[in-house]
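As a plain string of letters, each chain reads:
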Amino acid sequence: RYTATSRLSLPLPEGKSQQPFSCRATNSRGTAVTQVSNPGDGATPRRRRRRRRLVEKRDPLPNRVTLHPPSREDFEGPYRNSTLLCRIRGKGRPPAAAAAAVGWLKNGIPFQTGITTENSALAGQNAYVIDSRVVVTEAEWDAGTVYTCRAGDELRNTSKALECG
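Residues numbered from 1 in each chain as written. Predicted model: local features only at pLDDT ≥ 70, side-chain atom pairs only at ≥ 80, totals over all residues. Heavy atoms only, no water.

> Please clarify how the packing of aromatic side chains should be interpreted in this entry.
Remark: the centre distance and the inter-plane angle together describe each pair of aromatic rings, the angle taken between the planes. Considering all chains together, one arrives at one aromatic pair under this definition. Relative to Tyr147, the ring of Phe111 lies with its centre 6.4 Å away and its plane at 70°, an arrangement referred to as edge-to-face. In this pair, Phe111 is assigned in strand E6 (residues 109-111) and Tyr147 in strand E9 (residues 147-151), connecting sequence segments 36 residues apart. As far as burial versus exposure is concerned, Phe111 and Tyr147 are alike and both buried. (Phe/Tyr/Trp six-rings, centres within 6.5 Å; stacked < 30°, edge-to-face > 60°. Helix = DSSP H or I, 4+ residues; strand = E, 2+ residues; numbered from the N terminus. Buried < 20%, exposed > 50% of the residue type's maximum accessible area, 1.4 Å probe, protein only.)

This is how it looks when you write it as structure tokens:
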């Protein structure tokens, strides 16, 4: 099983006028296409303001998730391995269990070995950073293994093919 995510962000009037959108995914088993739309007109200013206010109360700035792949030089050491870094930046207090906030998948399959996760509050900024690292061997990277960092409902993928074309 393989998991991936994609996001399209458009200004409200432009996005509403171009619906529905098609999302196509292709892999070794074939191609799947699905139609995606956002119901409702969304054009009423009063409605938009109310929705925005509710979101701001619940989560003033959503988490920002980045996944940093290894560089080729990282594999030049004697052990021929490197580290992937998944960094989550958020506002407010960090989750009580940082390790539980981050999950890793290898070719779509969850795994837990070789992972270290730590969090730190940023003093005076009402913010936090969670860094989760996983060890990657050169052989796995060169074979095109896809690594996914999952933080809540956010997914970030990386592999040699995705990073190097």
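> Would you take a moment to explain the sheet that holds E9 for this structure?
Sheet strands line up and pair through hydrogen bonds in the backbone, either parallel or antiparallel. The antiparallel open sheet is built from four strands, whose spatial order is E6-E5-E9-E10. The two strands at the open ends of the sheet, each matched to only one other strand, are E6 and strand E10 (154-158). Within this sheet the neighbouring strands show an average axis-to-axis angle of 30°, counted without direction. As paired elements, E9 and E10 share five bridges and run antiparallel to each other. When the sheet's bridge partners are listed, Thr148 is paired in E10 with Asn157. (Pairing = 2+ DSSP bridges. Axes fitted to C-alpha atoms, helices over the stretch in contact; angles between N-to-C directions.)

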